[in-house]
Amino acid sequence: MKQIEVQILQQSYLLSCHEGQEARLLDAVERVDTAMTRIRDAGKVRVRERIAVLAALNLAFELAERENAAITAAAQAEAGATPLPPGASQRLQTLVQRLDDALGTNGMLFE
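Only a predicted model underlies this, so the values are computations on that prediction, with no experimental measurement involved.

For strand β1 (residues 2-8) and strand β2 (residues 11-17), the ladder comprises seven bridges, and the chain directions are antiparallel. Pairing of Ile4 across the sheet is with Leu15, part of β2. The antiparallel pairing of β1 with β2 creates a hairpin that spans two residues between the two strands, and Leu9 there sits at a positive phi of about 55°.

Over its 21 residues, helix α1 (residues 22-42) extends 30 Å from the first C-alpha to the last, a length consistent with the 30 Å expected when each residue adds 1.5 Å. If you follow the buried residues of α1, they end up packed against β1, β2 and α2 (48-78). With its phi angle positive at about 85°, Gly43 sits one or two positions after the end of α1.

Core analysis: the biggest nonpolar cluster contains 13 residues, and Met36 and Ile51 have the highest contact counts within it. Those elements that provide at least two residues to this core are β1, α1 and α2. In this view, Ile51 contacts Leu9, Met36, Ile39, Arg40, Val45 and Arg46; residues no more than four positions away in its chain are not counted.

Backbone geometry at Leu9 places phi at a positive 55°, although glycine is not the residue there. The residue Leu9 is located in the loop between β1 and β2 in this model. We classify Leu9 as buried; its relative accessible area is 4%. In the Ramachandran plot, Gln10 falls in the positive-phi region, its phi being about 60° despite a non-glycine side chain. The residue Gln10 is located in the loop between β1 and β2 in this model.

What follows deals with the packing of α1 against α2. Their axes nearest at 9 Å, the elements α1 and α2 cross at an angle of 120°. By the angle class used here, α1 and α2 are oblique. The chirality of how α1 crosses α2 is right-handed. From α1, Arg31, Val32, Ala35, Met36, Ile39 and Arg40 reach across to α2, where they touch Arg48, Ile51, Ala52, Leu54, Ala55, Asn58, Leu59 and Arg66.

Rules used in this analysis
- Residues numbered from 1 in each chain as written.
- Predicted model: local features only at pLDDT ≥ 70, side-chain atom pairs only at ≥ 80, totals over all residues.
- Heavy atoms only, no water.
- Pairing = 2+ DSSP bridges.
- Helix = DSSP H or I, 4+ residues; strand = E, 2+ residues; numbered from the N terminus.
- Expected span 1.5 Å × (residues − 1).
- Contact = heavy atoms within 4.5 Å.
- Core = buried A, V, L, I, M, F, W, Y, C linked by side-chain atoms within 4.5 Å.
- Buried < 20%, exposed > 50% of the residue type's maximum accessible area, 1.4 Å probe, protein only.
- Axes fitted to C-alpha atoms, helices over the stretch in contact; angles between N-to-C directions.
- Parallel < 35°, antiparallel > 145°, perpendicular 65-115°, else oblique.
- Left-handed = near helix turned anticlockwise from the far one by under 90°.

Here it is in structure tokens:
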């Protein structure tokens, strides 16, 4: 195991990682530091522990969105469908809702 000293929100931490994983650890540290710095700089939260929890939640949410997008893309690829660009799913749902509203209760655009 290798130990690396890093800075997160101007505080030093001594972290351990497996040989060859240093770059991945440093990338993770940068992501966490960036997320925490954004929250701190927004000025609404000043307590380090709260900043850390909010940053962790934001990063977990982003990860869940990416995983969901990957699962959706894999399912579409398996079904032979063309994957949708980011944000297209919501726009498509809005369009379908508008079409449903336009068609009315009988399902016909024109009577």
